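# Descriptive analysis of the structure
Residues per chain are reported as follows:
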Amino acid sequence: MGGVTSSVAAKFAFFPPNPPSYKISRDEVSGLLKMSDVPHRENVDVLKLPTRRGQEIVAMYVRNPMATMTLLYSHGNAADLGQMYELFVELSVHLRVNLMGYDYSGYGQSTGKV
């Protein structure tokens, strides 16, 4: 019964954007991952991080040459990286930090269930 309760609760609690606000592709020249539907920036790296459960979490790392620290940002429930992209870039500039943001399992282009 606990598994049923958990999955029903998850449907009411988690609201990933549907469809996701971005797609992931690999640049043919550099081989690096990039996000569609957002402006390309040289200081933003797009990553796919493997999990112990065999899923992949999509993350972005915003580099700031003035940074002395890195901020790990966990976005809100009803958002994904495509929606947070510009905010992450702006926060990196204004706070003078590197910024790492990620999508939860089942959000954006991250695999797995919500």
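To start, this report covers the structure provided alongside it. Please read these numbers as outputs of a predicted model, since none were measured by experiment.

Residue placement: Ser92 occurs in helix 2 (residues 81-95). At 2.7 Å, the side chain of Ser92 and the backbone oxygen of Val97 are in polar contact. Excluding residues that lie within four positions of it along the chain, Ser92 makes contacts with Val62, Arg63, Asn64, Val97, Asn98 and Leu99.

So, on to the layout of surface pockets. Of the volumes computed, that of the largest pocket is approximately 290 Å³. What lines the largest pocket is a set of 17 residues, and nearest its centre among them are Leu33, Lys34, His40, Arg41 and Val44. Across the lining of the largest pocket, the residue classes tally to 8 nonpolar, 3 polar and 6 charged.

A bend of about 30° at Leu87 is the largest found in helix 2. Listed in full, the buried residues belonging to helix 2 are Leu81, Gly82, Met84, Tyr85, Phe88, Val89 and Ser92. Buried residues along helix 2 sit against strand 2 (33-35), strand 3 (44-50), strand 4 (56-62), strand 5 (70-74) and strand 6 (98-102). Taking the backbone nitrogen of Gly82 as reference, a side-chain oxygen 3.1 Å away marks Asp80 as the first, capping residue of helix 2.

Moving on: the pairing of strand 6. Of all 5 residues in strand 6, 4 are buried, a share of seventy percent or more. Bridge count for strand 4 against strand 6 is 4 bridges, and the pairing is antiparallel. Across the sheet, the residue bridging to Met60 is Gly101, located in strand 6. Across 5 bridges, strand 5 lies against strand 6 in parallel orientation. In the sheet register, Tyr73 faces strand 6, and the bridge partner there is Gly101. Regarding topology, helix 2 serves as the crossover connection from strand 5 to the parallel strand 6, and that connection is right-handed.

Cut-off values and rules
Residues numbered from 1 in each chain as written. Predicted model: local features only at pLDDT ≥ 70, side-chain atom pairs only at ≥ 80, totals over all residues. Heavy atoms only, no water. Helix = DSSP H or I, 4+ residues; strand = E, 2+ residues; numbered from the N terminus. Polar contact = N/O pair within 3.5 Å; in protein donor to acceptor, adjacent residues only side chain to side chain. Contact = heavy atoms within 4.5 Å. 1 Å grid on protein atoms, 1.4 Å probe; cavity = no way out; pocket = protein on both sides within 12 Å on 5 of 7 lines; lining within 4 Å. Points joined across faces, edges and corners; volume = space filled by probe spheres on them. Nonpolar A, V, L, I, M, F, W, Y, C, P; charged D, E, K, R; others polar. Bend = angle between axes of the 7 residues up to and from the residue. Buried < 20%, exposed > 50% of the residue type's maximum accessible area, 1.4 Å probe, protein only. Pairing = 2+ DSSP bridges. Right-handed = clockwise from strand over helix to strand, strands pointing away.

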